[in-house]
Amino acid sequence: MRSKGSFERRFGKYAVKNLSLMLIICYGFGYLFQMIYPDFLQYLYLNPYQIIFRGQVWRLVTWLIVPPSSFDFFTLIMLYFYYSIGTTLERTWGTYRYNVYIFSGALFTILGAFLLFGYTLLFQRDAVAILGLGYYDAISAMFSTYYVNMSIFLAFAATFPNMQVLLFFFIPLKVKVMGIIYGVLLVYQFIVGYGREWSFLNTANRFVIGASLMNFIVFFVTSRGKVHMTPKQARRRSEFKREVKKTGKSTRHKCAVCGRTEETNPELEFRFCSKCEGNYEYCEEHIFTHTHVKHMS
């Protein structure tokens, strides 16, 4: 079995840098369509019926452009907030790990949409018969980037639980408190949904929430808390990156996690870890996120 390190050595070079900025640009196009030609968005939804029976395969990607809400002043604040926390996560985890998290969230969402489509064919025939193809249009509109964004915030809250933010610009709250509040709201939405009279939408809503947040569940269960960082550690990492830029090295260095060296990746800086038992060196993306090596006595 390949380890996570071997996968990163093999595919890390394909990781997309500044992925949060690219997502914001996608939202920008989505809001532009929303203001100029809102009906066009229905051709971008993640609609499995249209993909399978009408060959509209572009929907597998274009749903990422569909904005999670209507455009207003608070939208700009929301976009800046998610850009900020997403960029922070990328710098803390490393580009490869952040890419895996975001793209796995998108893939789980696509999988959830197709699973819901299969479920409706088997168990929701009455609703389909009444609403026709409008039923698929209604539930496909629910598969947006809203919960993918939520997974980014939950990841940030789990990584920096003690960081303080200003809710509504003046209420100081720790990020973990906001994460718990959002988690409770998500559980409530998952259980209660839209009420008994909208049972078919309740089912769709559960598929949407479960699929979109599966990356958060899988990622942090498998990571076992390795990505947790305090604000002090975050500052230390930032200071480390500033300091190492001032120091030139002529010797060859190699990261014990991803295997990259100063020859293959001259833009990276490398440091030895004082907590690992042995001479283990790591690149700037893994110096604070690797598992410390402890030899059995």
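Here the structure is shown first, and the text comes after it.
Keep in mind that this is a model prediction, so the values were computed, not measured.

Novice: Before we go on, may I ask you to explain the overall build of the protein chain in this structure?
Specialist: Within the protein chain, the secondary structure is distributed over 13 helices and four strands. Counting over 297 residues, the protein chain shows a buried share of 43%. Accessible surface, the protein chain: about 17100 Å² in total, of which carbon and sulfur atoms supply 64%.

Novice: Is there a simple way to think about unusual backbone geometry in this case?
Specialist: With the exception of glycine, most residues fall at negative phi, and the peptide bonds are largely trans. Within the chain, Asn18 stands out as a residue other than glycine whose phi angle is a positive 55 degrees. Its place among the elements puts Asn18 in the loop between α1 (4-11) and α2 (19-36).

Novice: Help me out: how do you make sense of the nonpolar core in this one?
Specialist: Ranked by size, the top nonpolar core spans 48 residues in total, and within it Leu46, Leu89, Trp93, Tyr98, Tyr101, Ile102 and Phe153 carry the most contacts. Of the residues forming this core, the biggest block, nine residues, is contributed by helix α9 (residues 146-159). Grouped together as the second largest cluster of nonpolar side chains are ten residues, Cys255, Cys273, Cys276 and Phe288 included.

Novice: Teacher, can you tell me more about the packing of α9 against helix α10 (residues 175-191) here?
Specialist: Two measures define how a pair of helices packs: the angle their axes make with one another and the distance between the axes. At a minimum axis distance of 9 Å, the contact between α9 and α10 shows a crossing angle of 145 degrees. Crossing of α9 against α10: the hand is left-handed. Facing α9, whose interface residues are Tyr147, Met150, Phe153, Leu154, Phe156 and Ala157, α10 presents Val175, Met178, Gly179, Tyr182, Leu186 and Gln189. Classifying every residue of the contact of α9 with α10 by side-chain character gives ten nonpolar, two polar and no charged.

Novice: Please explain the packing of aromatic side chains as it appears in this structure.
Specialist: Two descriptors summarise a pair of aromatic rings, namely the distance from one centre to the other and the angle between the planes of the rings. For the structure shown, the criterion picks out 13 aromatic pairs. Summarising the aromatic geometry, the rings of Tyr119 and Phe207 are spaced 5.6 Å apart at their centres and angled 50 degrees between planes, so their arrangement reads as tilted. With Tyr119 in helix α6 (residues 95-123) and Phe207 in helix α11 (residues 199-212), the pair connects residues that are 88 residues apart, well separated along the chain. Ring geometry for Phe153 and Tyr182: centres 5.0 Å apart, planes at 75 degrees, overall edge-to-face. In this pair, Phe153 is assigned in helix α9 and Tyr182 in helix α10, connecting sequence segments 29 residues apart.

Novice: Just to check I follow, could you spell out the environment of Val175 for this structure?
Specialist: Examined against the element boundaries, Val175 turns out to sit in helix α10. Judged by its relative accessible area of 1%, Val175 falls in the buried class. Considering only alpha carbons, one finds Val175 and Gln164, eleven residues apart in sequence, at a separation of 5.9 Å. Setting aside its immediate chain neighbours within four residues, Val175 contacts Phe153, Phe156, Ala157, Phe160, Pro161, Met163 and Val165.

Novice: What is the right way to look at the state of the cysteines in this model?
Specialist: Simply put, the disulfide is a covalent bond whose two ends are the sulfur atoms of two cysteines. By the definition in use, this model includes zero disulfides. With no disulfide of its own, Cys283 has Cys255 as its nearest cysteine by sulfur position, at a separation of 3.7 Å.

Novice: It is not clear to me how the packing of helix α5 (residues 73-93) against α9 should be interpreted in this structure. Could you clarify?
Specialist: Running from N to C, α5 and α9 point in directions that differ by 55 degrees, and their axes come no closer than 10 Å. One finds that α5 runs oblique with respect to α9. Relative to α9, the crossing made by α5 is left-handed. In this structure, α5 uses Phe81, Tyr82, Ile85, Gly86, Thr88, Leu89, Thr92 and Trp93 to contact α9, whose residues at the interface are Asn149, Met150, Ile152, Phe153, Ala155, Phe156 and Thr159.

Novice: Help me understand the environment of Tyr182 in this model?
Specialist: On the accessibility criterion, Tyr182 (31% relative accessible area) is partly exposed. Placed 32 residues apart in sequence, Tyr182 and Met150 show a C-alpha to C-alpha distance of 8.4 Å. Those residues in contact with Tyr182 that lie beyond four places of it in its chain are Met150 and Phe153.

Novice: Looking at this model, I keep getting lost on the side chain of Thr145. Mind explaining?
Specialist: The residue Thr145 is located in the loop between α8 (133-140) and α9 in this model. Within the local environment of Thr145, its side chain forms a polar contact with the side chain of Tyr27, the two groups lying 3.1 Å apart. In contact with Thr145, not counting residues within four places along its chain, are Tyr27, Trp63, Leu64, Val66 and Pro68.

Novice: Where do I start with α10 in this structure?
Specialist: Owing to its 3.6 residues per turn, the α-helix aligns residues three or four sequence positions apart on the same side. Between its first and last C-alpha atoms α10 spans 24 Å; for 17 residues at 1.5 Å apiece the expected length is 24 Å, and the two agree. Taken together, the buried positions of α10 are occupied by Val175, Met178, Gly179 and Leu186. Projection of α10 onto a plane perpendicular to its axis shows the buried side chains occupying an angular sector of 100 degrees, all on one side. Seen from the buried face of α10, the exposed residues on the opposite side, beyond 90 degrees, are Ile180, Val184, Tyr188 and Ile191.

Definitions and limits used
Residues numbered from 1 in each chain as written. Predicted model: local features only at pLDDT ≥ 70, side-chain atom pairs only at ≥ 80, totals over all residues. Heavy atoms only, no water. Helix = DSSP H or I, 4+ residues; strand = E, 2+ residues; numbered from the N terminus. Buried < 20%, exposed > 50% of the residue type's maximum accessible area, 1.4 Å probe, protein only. Areas by Shrake-Rupley, 256 points an atom, 1.4 Å probe, with all protein chains shown as cover. Core = buried A, V, L, I, M, F, W, Y, C linked by side-chain atoms within 4.5 Å. Axes fitted to C-alpha atoms, helices over the stretch in contact; angles between N-to-C directions. Left-handed = near helix turned anticlockwise from the far one by under 90°. Contact = heavy atoms within 4.5 Å. Nonpolar A, V, L, I, M, F, W, Y, C, P; charged D, E, K, R; others polar. Phe/Tyr/Trp six-rings, centres within 6.5 Å; stacked < 30°, edge-to-face > 60°. Disulfide = S-S within 2.5 Å. Parallel < 35°, antiparallel > 145°, perpendicular 65-115°, else oblique. Polar contact = N/O pair within 3.5 Å; in protein donor to acceptor, adjacent residues only side chain to side chain. Expected span 1.5 Å × (residues − 1). Arc of directions from axis to C-beta.

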